[in-house]
Amino acid sequence: MILKHVVCLIAMTAVLFVQGCAGLVRKEAVPAAFTDRAVIPGMADVRYRIGIDTAAIQAEGIASVRREQAHLASIGHRGGLPPAVFLAVSGGGDNGAFGAGLLNGWTAAGDRPEFKLVTGVSTGALIAPFAFLGPAYDKPLERFYTTTGPKDIAKQRSILAAVTSDALADNAPLWQLVSREVNQSLLDAIAREYDKGRLLLVATVDLDARQSVLWNLTKIAASQHPDALDLFRSLMIASASIPGAFPPVMIDVEANGRAYQEMHVDGGTMSQVFVYPPSLHVDTLARKLGVQRERRVYVIRNARLDPEWAQVDRRTMSIAGRSISSLIHTQGLGDLYRIYLTTQRDGVDFNLAYVPASFKAPHREEFDTDFMRALFQTGYDLAAGGYPWEKKPPGF
């Protein structure tokens, strides 16, 4: 399991640190005083720091409604706005096969909506662009989560190389997969949807600042900046870069007239799933703008939510690995409670899907192809028959 390897890596790193081993060098991090001023050169306002950039998020939300209204008017639409449907896809590693299968099955059911907003974290960030573009992009999701194996995601490094570098594994194979599927044609298709008022966001964590960062991938795609495609791919990878297991993604920024570099890792480090920040009072804002519409959110949690019993060996790595996985499990439940309470406040209809406790396929290793195929099929079958969306998080 990746978590056990990460715990082992931390222990080994501590030993070698004492022995004086040097790590990789990097450009200077953004000083604490300038973190809220750091920008991507040539691409203004394409990201939002949680707790800092609430006004910018609100402004983008208002602008998206105005673009949507203009688009609808241009195609002859009359009357009020159609329902705003949000989709949030969580982290979960190879459990992302569940979400991929569910989306494919939802297409087969014939009632899959077009989403106003799609968000993704970790494996959810790999799914989100294809979910955003709709059923025509179901096949890449099916291919990724039913035909790939461990060697298609990463190459293991030796222990010595791992502890003197930035991760246990080299994720060059994942970069190759993403680069093959995420091309300029896909970017152009996402840019066209931005002009219609739709939004695609993924989350990473700025490890230097210890802050969650939401990236507006639709705005990046629409920027027509020559570096847009590279940044788009980098952010998908960064959101899925489990610290210690996979290398972080270094993002070049400018702040206060100087060049710096930020270290970005898996968005699940701080949140397993998100829709929009609770500080954004959607219903209150909509009333002020005179916008009346139905709102629904669908949350796909790529994980089981039951405690999932397992006998833990009386060994340091087993105990630490089980403890970390328990923290992630509990964090994911907390995220669902937060989303549920926010949607209830804002009058948004809440719907939740997650891996059923009845799913018992053996999980031999990370990105086990047989495991992912079975989980994909489970998600597909549940959705194709009309998914029984939960109206509250379990235990709420």
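Scroll up a little and you will see the structure.
**Focus on the overall build of the chain**
Phase 1: If you tally the helices and strands in the chain, you get 13 helices and 11 strands.
Phase 2: The C-alpha radius of gyration computed for the chain amounts to 21 Å, which stays within 12% of the reference 21 Å derived for 396 residues, consistent with globular compactness.
Phase 3: A principal-axis box enclosing the C-alpha atoms of the chain has dimensions of 70 × 55 × 40 Å.
Phase 4: With 396 residues in all, the chain has 51% of them scored as buried.
Phase 5: Sequence-distant contacts, at least 24 apart, represent 78% of the contacts inside the chain between residues at least 6 apart.
Phase 6: As displayed, the chain offers around 17800 Å² of accessible surface, 55% of which is attributable to carbon and sulfur atoms.

**Focus on the pairing of strand β11 (residues 349-355)**
Phase 1: The buried count for β11 comes to 6 of 7 residues, which makes it a mostly enclosed element.
Phase 2: Strand direction decides the pairing type here: strand β10 (residues 295-304) and β11, joined by 7 bridges, are parallel. Within β11, the position partnered with R296 by the bridge is D349.
Phase 3: Running through helix α12 (residues 316-346), the crossover from β10 to the neighbouring parallel element β11 is right-handed.

**Section: helix α13 (residues 369-384)**
Phase 1: Here α13 contains 16 residues, and its C-alpha end-to-end distance of 22 Å stays within 8% of the 22 Å for a straight helix at 1.5 Å per residue.
Phase 2: If you check which residues of α13 are buried, you get T369, F371, M372, L375, F376, G379 and A383. Projected down its long axis, α13 carries its buried residues within an arc of 155°, all on one side.
Phase 3: Looking at the buried residues of α13, the elements they touch are α3 (96-109), α5 (138-147) and β11.
Phase 4: The backbone nitrogen of D370 lies 3.1 Å from a side-chain oxygen of the residue at the head of α13, namely D368.
Phase 5: In the stretch just after α13, G386 is the one whose phi turns positive, near 95°.

**A word on the environment of A44**
Phase 1: Along the polypeptide, A44 turns up in the loop between α1 (2-19) and β1 (47-49).
Phase 2: A C-alpha to C-alpha distance of 32 Å links A44 and N302, two positions 258 residues apart in sequence.

**What about the pattern of salt bridges?**
Phase 1: Tallied over the full model, the rule gives 26 salt bridges.
Phase 2: For R26, the salt bridge goes to D208, with nearest N and O atoms at 2.9 Å. With a gap of 182 residues between them, R26 in the loop between α1 and β1 and D208 in the loop between β6 (199-206) and β7 (211-216) connect regions that are remote in the sequence.
Phase 3: Owing to a relative accessible area of 33%, R26 belongs among the partly exposed residues under this scheme.
Phase 4: D208 sits in the partly exposed class, given a relative accessible area of 37%.
Phase 5: Residue D152 is joined to K151 by a salt bridge in which the shortest nitrogen-to-oxygen separation is 3.5 Å.
Phase 6: Connected through salt bridges with shared partners, the residues R47, R49, D206 and E262 form a single ionic network.

**Thoughts on the packing of helix α7 (residues 172-181) against helix α10 (residues 228-239)**
Phase 1: Between α7 and α10, whose axes approach to 10 Å, the crossing angle comes to 135°. When the axes of α7 and α10 are compared, the pair comes out oblique. Crossing of α7 against α10: the hand is right-handed. The residues of α10 that touch α7, namely those facing L174, W175, V178 and S179, are R233, S234, M236 and I237.
Phase 2: When grouped by side-chain class, the residues that make up the contact of α7 with α10 number 5 nonpolar, 2 polar and 1 charged.

**Looking at the nonpolar core**
Phase 1: Residues L87, L102, W215, I220 and F232 are the most contacted members of the largest nonpolar core, which totals 76 residues.
Phase 2: The contacts of L87, once residues within four sequence positions are left out, are L103, F115, L117, V118, T119, A131, Y298 and I300.

**Details of α7**
Phase 1: Within α7 the residues assigned to the buried category are P173, L174, L177 and V178. Down the axis of α7, the sector holding all buried residues measures 135°, keeping them to one side. Along α7, the residues that are exposed and aim more than 90 degrees away from the buried face are Q176 and R180.
Phase 2: Buried residues along α7 sit in contact with α4 (123-133), α5, β4 (155-156), β5 (169-170) and α10.

**Observations regarding the pairing of strand β9 (residues 258-266)**
Phase 1: Alignment of β6 against β9, held across 3 bridges, turns out to be antiparallel. Opposite T204, over in β9, you have D266 as the bridge partner.
Phase 2: Pairing of strand β8 (residues 249-255) with β9 involves 7 bridges; the strand directions are antiparallel. Pairing of D252 across the sheet is with Q261, part of β9.
Phase 3: Between the antiparallel neighbours β8 and β9 lie 2 residues, among them N256 with a positive phi of about 55°.

**Regarding the side chain of N302**
Phase 1: Within the fold, N302 resides in strand β10.
Phase 2: For N302, a relative accessible area of 0% corresponds to the buried category.
Phase 3: A polar atom in the side chain of N302 sits 2.9 Å from the backbone nitrogen of G99.

**What about the packing of aromatic side chains?**
Phase 1: Scanning the entire structure with this criterion turns up 11 aromatic pairs.
Phase 2: With 4.9 Å between their ring centres and 55° between their planes, Y387 and W389 make a pair best called tilted. When sorted by exposure, Y387 lands in the same class as W389, which is buried.
Phase 3: Following the ring pairs from residue to residue traces out a cluster consisting of W106, F115, Y298, Y387 and W389.
Phase 4: The ring of Y194 has R67 lying over it, and the distance from NZ or CZ to the ring centre is 3.8 Å.
Phase 5: Sitting over the ring of F132, R198 keeps its end group 4.0 Å from the ring centre.

Rules used in this analysis
Per chain, the residues get numbers from 1 upward, laid out in the order the sequence is written. Only residues with pLDDT of at least 70 get local features here, since the model is predicted, and only at 80 or more are side-chain atom pairs given and counted; chain-wide, interface and lining totals rely on the full set of residues. With hydrogens and water set aside, each side-chain value is computed from the structure's full complement of heavy atoms. Secondary structure elements follow DSSP: runs of H or I no shorter than four residues count as helices, runs of E no shorter than two count as strands, and numbering proceeds from the N terminus. Computation of the radius of gyration draws on C-alpha atoms, with the globule rule given as 2.2 Å multiplied by the number of residues to the power 0.38. Exposure categories follow from relative accessible area, calculated using a 1.4 Å probe and restricted to protein chains: below 20% of the type maximum is buried, above 50% is exposed, and the middle band is partly exposed. In this analysis, two residues are considered to be in contact whenever any of their non-hydrogen atoms come within 4.5 Å of each other. Here the open area of atoms and residues is found with the Shrake-Rupley method and a 1.4 Å probe, where only the protein chains shown may cover a residue. For two strands to count as paired, DSSP must find a minimum of two bridges between them. With strands facing away from the observer, any crossover in which the path from the first strand over the helix to the second runs clockwise is taken as right-handed. To estimate the expected span of a helix, subtract one from its residue number and multiply by 1.5 Å. Think of it as the arc spanned by the lines of direction from the helix axis to the C-beta atoms. In protein, a polar contact requires one atom able to donate a hydrogen and another able to accept it; more generally it is a pair of N or O atoms within 3.5 Å, and residues adjacent in sequence count only if both atoms are side-chain atoms. Here, a salt bridge means any Lys or Arg side-chain nitrogen found within 4 Å of an Asp or Glu carboxyl oxygen. Think of each axis as a best-fit line through the C-alpha atoms, taken over the contacting stretch in the case of a helix, with angles from 0 to 180 degrees between the N-to-C directions. Each angle receives one of four descriptions, namely roughly parallel if under 35 degrees, roughly antiparallel if over 145, roughly perpendicular if within 65 to 115, and oblique otherwise. By convention the crossing between two helices is left-handed if the near helix lies anticlockwise of the far one by an angle smaller than a right angle, and right-handed if it lies clockwise. Note that Gly is not counted as nonpolar here; it falls among the polar residues with everything else outside the nonpolar set of Ala, Val, Leu, Ile, Met, Phe, Trp, Tyr, Cys and Pro and the charged set of Asp, Glu, Lys and Arg. Remark: nonpolar core denotes a set of buried residues (Ala, Val, Leu, Ile, Met, Phe, Trp, Tyr, Cys) joined through side-chain atoms within 4.5 Å. Each aromatic pair joins two rings of Phe, Tyr and Trp (for Trp, the six-membered one) with centres within 6.5 Å, and gets the label stacked for planes under 30 degrees apart, edge-to-face for over 60, and tilted for any other angle. Placement of a positive charge over a ring is assigned whenever Lys NZ or Arg CZ falls within 6 Å of the ring centre and within 35 degrees of the normal to the ring plane.

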